[in-house]
Amino acid sequence: MTGTFPGMNGQSPPLRLVIVDDHQMVLDGIKAMLRPYASQVTVAGEASGAGDAVSLVTRLKPDAVLLDVRLRGTSGLDLCGDILAARPSCKVVFLTVYDDEQYLYQALRVGAAGFLLKRIRGGELVDYLMRIRDGEVLIDPSLAGRVALSAARLHSRAIAAKLVVSEETVKTHSRGIYRKLGVSDRAAAVTVALREGLFH
């Protein structure tokens, strides 16, 4: 696992997490939700504002930061860029109520490693954080499904007609693109394309 070392029992040390949210009730709620999973995730610190967040991340060097898209007086999207500039190895994960594809696209473009919705349960959040630490980029399933459906509307027949090639040629090119991107299907390719800003 990237940046982790197994302990005596063969398990990785707990993921060190900083939480950034401008509502104390949310901060307290996330900490309470994660408490039963202390062997996997430890809350190293919390911040309610952008200025505190960057200095905290610089000082505590967490593995990951949970961040809302909107914070009082600033954008979580801008803050994501500032955090990654201060600590490039940190995984920034958005945890938000905003079930919005545009926020998702923007989050991936600024380098986020995850975009999750606040209705998530503690066990799911811990599982996602473990997978993100291992290098996955994760999107809340409800949003990922919508994005995949949007991409699927550009099916092979429409692409073939536009490019004046056969559907089989489109499938061959698609397989080549998947191979180059290191993915196995269209949904994963869309995620990489969004993150890299290849389309809007």
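Please read all numbers here as calculations on a predicted model, not as lab measurements. (Residues numbered from 1 in each chain as written. Predicted model: local features only at pLDDT ≥ 70, side-chain atom pairs only at ≥ 80, totals over all residues. Heavy atoms only, no water.)

Colleague: Before we move on, can you summarise the overall build of the chain with the specific residues and values?
Modeller: Within the chain, the regular secondary structure consists of nine helices and eight strands. Counting the 200 residues in the chain, one finds 39% classified as buried. Taking the contacts inside the chain whose residues are at least 6 apart along the sequence as the reference set, 64% of them involve residues at least 24 apart. For the chain, the exposed surface amounts to about 10900 Å²; the carbon and sulfur share of it is 56%. (Helix = DSSP H or I, 4+ residues; strand = E, 2+ residues; numbered from the N terminus. Buried < 20%, exposed > 50% of the residue type's maximum accessible area, 1.4 Å probe, protein only. Contact = heavy atoms within 4.5 Å. Areas by Shrake-Rupley, 256 points an atom, 1.4 Å probe, with all protein chains shown as cover.)

Colleague: I'd like a description of empty space enclosed by the protein, backed by residues and values.
Modeller: Across all of its chains, the model carries one cavity of 30 Å³ or more by this definition. Looking at the largest cavity, its volume works out to about 30 Å³. Of all the secondary-structure elements, those providing two or more residues to the lining of the largest cavity are strand S1 (15-20) and strand S3 (64-67). Each residue belonging to the lining of the largest cavity can be placed in one class, and the counts come to six nonpolar, no polar and two charged. (1 Å grid on protein atoms, 1.4 Å probe; cavity = no way out; pocket = protein on both sides within 12 Å on 5 of 7 lines; lining within 4 Å. Points joined across faces, edges and corners; volume = space filled by probe spheres on them. Nonpolar A, V, L, I, M, F, W, Y, C, P; charged D, E, K, R; others polar.)

Colleague: Quick one: what's the story with the environment of Ile30, residue by residue and with numbers?
Modeller: Tracing the sequence through the fold places Ile30 in helix H1 (residues 24-34). Residue Ile30 is classed as buried on the basis of its relative accessible area of 7%. In sequence terms Ile30 and Leu125 are 95 residues apart; their C-alpha atoms lie 9.8 Å from each other. Not counting chain neighbours up to four residues away, the residues in contact with Ile30 comprise Ile19, Leu66 and Leu95.

Colleague: Got a sec to walk through the sheet that holds S3? Specific residues and values, please.
Modeller: The parallel open sheet is built from six strands, whose spatial order is S2-S1-S3-S6-S7-S8. Single-partner strands in this sheet number two, and they are strand S2 (41-47) and strand S8 (138-139). Alignment of S1 against S2, held across six bridges, turns out to be parallel. Pairing of Val20 across the sheet is with Ala47, part of S2. Contacts between H1 and the sheet are confined to S1, S2, S3 and strand S6 (91-96), with S2 contributing the most and set at about 170° to the helix. (Pairing = 2+ DSSP bridges. Axes fitted to C-alpha atoms, helices over the stretch in contact; angles between N-to-C directions.)

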